[in-house]
Amino acid sequence: MPFLFVEDSISCGNKIYITPSQSHYLKNVLKRRNGRVIIFNGVDGAWEADVCDLQEKNPFIEVCSQVLVQPEKFHRIELFFSPIKRNGFLFEKAAELGVTDFHPVVFSRSVVRSFCAERSERIIIEACEQSGRISVPALHEAVSFDCFVDKCKKSAAVILFCEFAGGKRIYSVLEERVASYSLDDRISIWCIVGPEGGYSEYERRLVASCEHVSQVCLCDSVLRAETAALCAVSVVKNFLIQQ
């Protein structure tokens, strides 16, 4: 069954009105004028719902029963990245891979310094729908590099400063840093990926000097910014799955 994101609260028997674009998606793309879909809002878990009326003015579905409970406790994969030209691709794939928080950071060599948050949120939600994910990643406001460094100094998270050369292998750092946590702990892992033009020497020195930051090597070749981000997220996700 297709997954559909809704903004309303969900409970058994609720009638939920969907958007015209969602109605179009069900009716014309998936050819589902009736039957069932799975709906989620990122809070109330996943529910089966009957497709009742897909008329253009007030299309709605009716909630039937819960199929998945919303996880109360989960590890966080937080991606700190410079906005890039291919933001949409990055948001889509990173959401599919399990990123819980997107943190845009404006570095000194950032080429793109702003983006459309509304469009980006739509891409993130669509990625969740396509991948069957019922938790929706948070898209935070862009911050300056100095504000970001302050966050690093105050955080007790596992912080990975990702580069293409130098530093330890990312998997070995994860094993070393996460070993002190118990199985019941909620771990927060930050992946820091620089801009298309790379970090400046000032940024590299300042971030690396933070107490909780570990410099890690992703690959033995130079990666595009979005490739580096997805590489780091993939390794972290795979590591957490095995814990």
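Keep in mind that what you see is a predicted model, and the values were worked out from it rather than measured. Residue numbers here run from 1 along each chain, matching the order of that chain's written sequence. In keeping with the model being predicted, local features are shown solely for residues with a pLDDT of at least 70 and side-chain atom pairs are shown and tallied solely at 80 or more, while totals for entire chains, interfaces and linings include all residues. In computing side-chain properties, one takes all heavy atoms of the structure into account and sets aside hydrogens as well as water.

Engineer: Which residues make up helix α5 (residues 170-178), and what values do they have?
Structural biologist: Burial classes: relative accessible area under 20% of the type maximum marks a residue as buried, over 50% as exposed, and values in between as partly exposed (1.4 Å probe, protein chains only). The secondary structure listing takes helices from DSSP runs of H or I that are at least 4 residues long and strands from runs of E that are at least 2 residues long, numbered from the N terminus. All buried positions along α5 are accounted for by Ile 170, Val 173, Leu 174 and Val 178. In an axial view of α5, the angular spread of the buried residues amounts to 110°, which keeps them on one side of the axis. By the convention used here, residues are in contact when the closest approach between their heavy atoms is within 4.5 Å. Residues of α5 that are buried sit in contact with β10 (158-163), β11 (168-169), β12 (188-193), β13 (213-217) and α7 (225-241). Each direction from the helix axis to a C-beta atom contributes to the arc, which is the arc of those directions.

Engineer: Could you give an account of helix α3 (residues 117-131), naming the residues involved and the relevant values?
Structural biologist: A helix is expected to reach a length of 1.5 Å times the quantity of its residues less one. Compared with an ideal rise of 1.5 Å per residue, which puts 15 residues at 21 Å, α3 spans 21 Å between its outermost C-alpha atoms and is within 8% of the ideal. Every buried residue belonging to α3 is among Ser 120, Ile 123, Ile 124, Ala 127, Cys 128 and Glu 129, and all of these are buried. Packing partners of the buried residues in α3 comprise β1 (3-5), α1 (20-29), β3 (36-40), α2 (87-97), β7 (101-106) and β8 (138-139). Positioned one or two residues after α3, Gly 132 has a phi angle of 75°, which is positive.

Engineer: Tell me about the side chain of Ser 110, residues and numbers included.
Structural biologist: Turning to its location among the elements, Ser 110 is positioned in the loop between β7 and α3. The definition of a polar contact used here is a pair of N or O atoms within 3.5 Å, where within protein one atom must be able to donate a hydrogen and the other to accept one, and adjacent residues in sequence count solely through side-chain atom pairs. In this structure the side chain of Ser 110 is engaged in a polar contact, spanning 2.8 Å, whose partner is the backbone nitrogen of Phe 107. With near-sequence residues (within four places) excluded, Ser 110 lies in contact with Ser 82, Val 105 and Pro 195.

Engineer: Describe the nonpolar core, naming the residues involved and giving the relevant values.
Structural biologist: In summary, soluble globular proteins display a tendency toward joint burial of nonpolar side chains. Ranked by size, the top nonpolar core spans 38 residues in total, and within it Leu 79, Phe 102, Leu 160, Ile 170, Leu 174, Ile 189 and Val 236 carry the most contacts. Within the residue set of this core, elements represented by two or more residues are β6 (76-81), α2, α3, β10, α5, β12 and α7. Sorting elements by how many residues they give to this core places α7 first, with ten residues. Discounting residues that sit within four places of it in the chain, Ile 189 has contacts with Arg 76, Ile 77, Glu 78, Val 158, Leu 160, Leu 174, Val 236 and Leu 240. Residues grouped as a nonpolar core are buried Ala, Val, Leu, Ile, Met, Phe, Trp, Tyr and Cys residues, joined through side-chain atoms within 4.5 Å. Val 149, Trp 190, Ile 192 and Cys 210 belong to the second largest nonpolar core, which has 16 residues in total.

Engineer: Residue-level account of the pattern of salt bridges, with values.
Structural biologist: Salt bridge, as used here: a side-chain nitrogen of Lys or Arg that lies within 4 Å of a carboxyl oxygen of Asp or Glu. In the structure shown here, the tally under the stated rule is eleven salt bridges. The partner of Arg 36 in a salt bridge is Asp 50, and the shortest N-O contact between them spans 2.9 Å. With Arg 36 in strand β3 and Asp 50 in strand β4 (residues 46-53), the pair connects residues that are 14 residues apart, well separated along the chain. For Asp 50, a relative accessible area of 27% puts it in the partly exposed group.

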